[in-house]
Amino acid sequence: MTKDLVDILYIVKAKFTDNSDMLWTSYETAKEVRDELTGYINQINKGDKSCLKI
């Protein structure tokens, strides 16, 4: 399941390009989103699933 989640996060991350419209988000740039997703991916790959808790 963890691999599936990471795979999904990579797909979502790829959707945010530098040309993405960020007006509907709380982020200033697509890079911010990609960086946050990278952080989640790294956490999950290390076995830390605390980012999944709401």
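Relevant structure appears above.
None of the values given here were measured: they were computed from a predicted structure. (Residues numbered from 1 in each chain as written. Predicted model: local features only at pLDDT ≥ 70, side-chain atom pairs only at ≥ 80, totals over all residues. Heavy atoms only, no water.)

K.L.:
Describe in detail the overall build of the chain, supporting the description with residues and values.
P.N.:
For the chain, the helix and strand inventory stands at 2 helices and 0 strands. Viewed in the frame of its principal axes, the chain has a C-alpha envelope of about 30 × 20 × 15 Å. The burial tally for the chain puts 20% of its 54 residues in the buried class. The contacts of the chain with a sequence gap of at least 6 include a subset with a gap of at least 24, amounting to 42%. (Helix = DSSP H or I, 4+ residues; strand = E, 2+ residues; numbered from the N terminus. Buried < 20%, exposed > 50% of the residue type's maximum accessible area, 1.4 Å probe, protein only. Contact = heavy atoms within 4.5 Å.)

K.L.:
Quick rundown of the packing of aromatic side chains? Include the residues and the values.
P.N.:
Geometry of an aromatic ring pair is reported as the spacing of the ring centres plus the angle between the planes. Under the defined criterion, the tally for this structure stands at 1 aromatic pair. Measuring from centroid to centroid gives 6.4 Å for F16 and W24, while their planes differ by 35°, and the two rings are tilted. The class for F16 is buried, based on a relative accessible area of 16%. By relative accessible area, W24 is classed as exposed at 63%. (Phe/Tyr/Trp six-rings, centres within 6.5 Å; stacked < 30°, edge-to-face > 60°.)

K.L.:
Which residues make up the packing of helix α1 (residues 2-15) against helix α2 (residues 30-45), and what values go with them?
P.N.:
Packed helices, taken two at a time, are described by their axes: the angle between them and the distance between them. Orientation of α1 relative to α2, taken along the N-to-C sense of each, is 170°, at an axis distance of 10 Å. What the angle tells us is that α1 and α2 run roughly antiparallel. Here the hand of the crossing between α1 and α2 comes out left-handed. Facing T2, L5, V6, L9, Y10, V12 and K13 of α1, the residues of α2 in contact are R34, L37, T38, Y40, I41, I44 and N45. Of the residues contributing to the contact of α1 with α2, the split by class is 9 nonpolar, 3 polar and 2 charged. (Axes fitted to C-alpha atoms, helices over the stretch in contact; angles between N-to-C directions. Parallel < 35°, antiparallel > 145°, perpendicular 65-115°, else oblique. Left-handed = near helix turned anticlockwise from the far one by under 90°. Nonpolar A, V, L, I, M, F, W, Y, C, P; charged D, E, K, R; others polar.)

K.L.:
Break down α2 for me, citing the residues and quoting the values.
P.N.:
Over its 16 residues, α2 runs 22 Å from end to end, which matches the ideal 22 Å to within 8%, given 1.5 Å per residue. Buried residues of α2: A30, V33, R34, L37, I41 and I44, and no others. Seen along its axis, α2 keeps its buried residues to an arc of 95°; they face one direction. On the buried face of α2, the contacting elements are α1. Trailing α2 by a residue or two, G47 shows a phi angle of about 90°, which is positive. (Expected span 1.5 Å × (residues − 1). Arc of directions from axis to C-beta.)

These values are about where atoms sit, not about what they do.
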